Amino acid sequence: ILTVQPDKAESLIEEVEAQLRADAPANAEELFCIMRAQRVSILSMQDHVNAGFALGQQVWKERFPDNRRPARGFDWVDEAFLNAMLHLHRKVGDLDAARRVAEFYRTDTDPGQNLFMLTYRACLFATLEIQERQMRAAAQRLETALALCEQIAGRRSAAASLAAASLAGIYYEWHRFD
């Protein structure tokens with residue numbers, strides 16, 4: 001729902017926050033932080049760069065104090081948030097900052113657990129590499145993601161389609177139509 005209907009996702013976040021304020025559990029602040037991280041993702045998808053950055057800086061400090069990766073590894077909230085931050089930096093042309101987010105965000109997540117997120121991440125990184133004029137690296141990243149998607153979920157899966165569509169742009173530039 002986050003990626004397909006961000007307005008509905010925002011409404012759900014507001015509902016959850018209202019419930020948390022009405023009857024706060026022991027981990028309420030952690031849950032509020034999750035909601036803020038999701039808002040950054042929504043703002044990023046809507047290209048609200050300034051608002052996304054402002055909230056993103058706060059969330060970064062909360063989720064990654066002292067720029068430390070979580071000992072538990074990255075969860076889906078972290079992945080969505082880091083993808084959003086990479087996108088926001090790339091959108092304003094701050095490729096150095098985008099690269100720092102990319103380097104921070106090394107995941108050892110099993111691709112079978114969240115294949116679409118890993119493919120989306122590969123597409124974001126490839127977009128960054130394209131902006132840095134590293135077309136071969138971007139193509140290799142997308143080809144690897146596509147092969148993995150086809151192996152695990154099939155050629156017609158949403159994840160494979162995402163990788164294939166991104167790769168098609170590179171192939172078009174190279175006049176490679178196979």
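Here's what I pulled together on the structure shown here. On a predicted model such as this, the values are computed, not experimentally measured, just so you know. (Residues numbered from 1 in each chain as written. Predicted model: local features only at pLDDT ≥ 70, side-chain atom pairs only at ≥ 80, totals over all residues. Heavy atoms only, no water.)

## Some remarks on the nonpolar core
Here is step 1: Val40, Trp60, Phe64, Phe81, Leu82 and Met85 are the most contacted members of the largest nonpolar core, which totals 31 residues.
Here is step 2: Elements with a minimum of two residues in this core: α1 (6–22), α2 (28–45), α3 (49–63), α4 (76–91), α5 (95–104) and α6 (115–131).
Here is step 3: Considering each element in turn, this core owes the most residues, 7 residues, to α4.
Here is step 4: The contact partners of Leu82, leaving out residues within four places of it in the chain, are Trp60, Phe64, Phe74, Val101, Phe104 and Tyr105.
Here is step 5: Judged by nonpolar contacts, the second largest core, of 16 residues, contains Ala138, Leu142, Leu146 and Cys149. (Core = buried A, V, L, I, M, F, W, Y, C linked by side-chain atoms within 4.5 Å. Buried < 20%, exposed > 50% of the residue type's maximum accessible area, 1.4 Å probe, protein only. Helix = DSSP H or I, 4+ residues; strand = E, 2+ residues; numbered from the N terminus. Contact = heavy atoms within 4.5 Å.)

## Thoughts on the pattern of salt bridges
Here is step 1: Counted by the stated rule, this structure contains 14 salt bridges.
Here is step 2: A salt bridge links Glu132 to Arg99, with the shortest nitrogen-to-oxygen separation between them at 2.6 Å. With Glu132 in the loop between α6 and α7 (135–152) and Arg99 in helix α5, this pair connects stretches of sequence that are 33 residues apart.
Here is step 3: Among the salt bridges present, the one from Glu150 reaches Arg155, with a minimum N-O distance of 3.6 Å.
Here is step 4: Exposure remark for Arg155: the relative accessible area of 67% places this residue in the exposed category.
Here is step 5: Taken together, the salt bridges that share partners define one network made up of Arg63, Arg72, Asp75 and Asp78. (Salt bridge = Lys/Arg side-chain N within 4 Å of Asp/Glu carboxyl O.)

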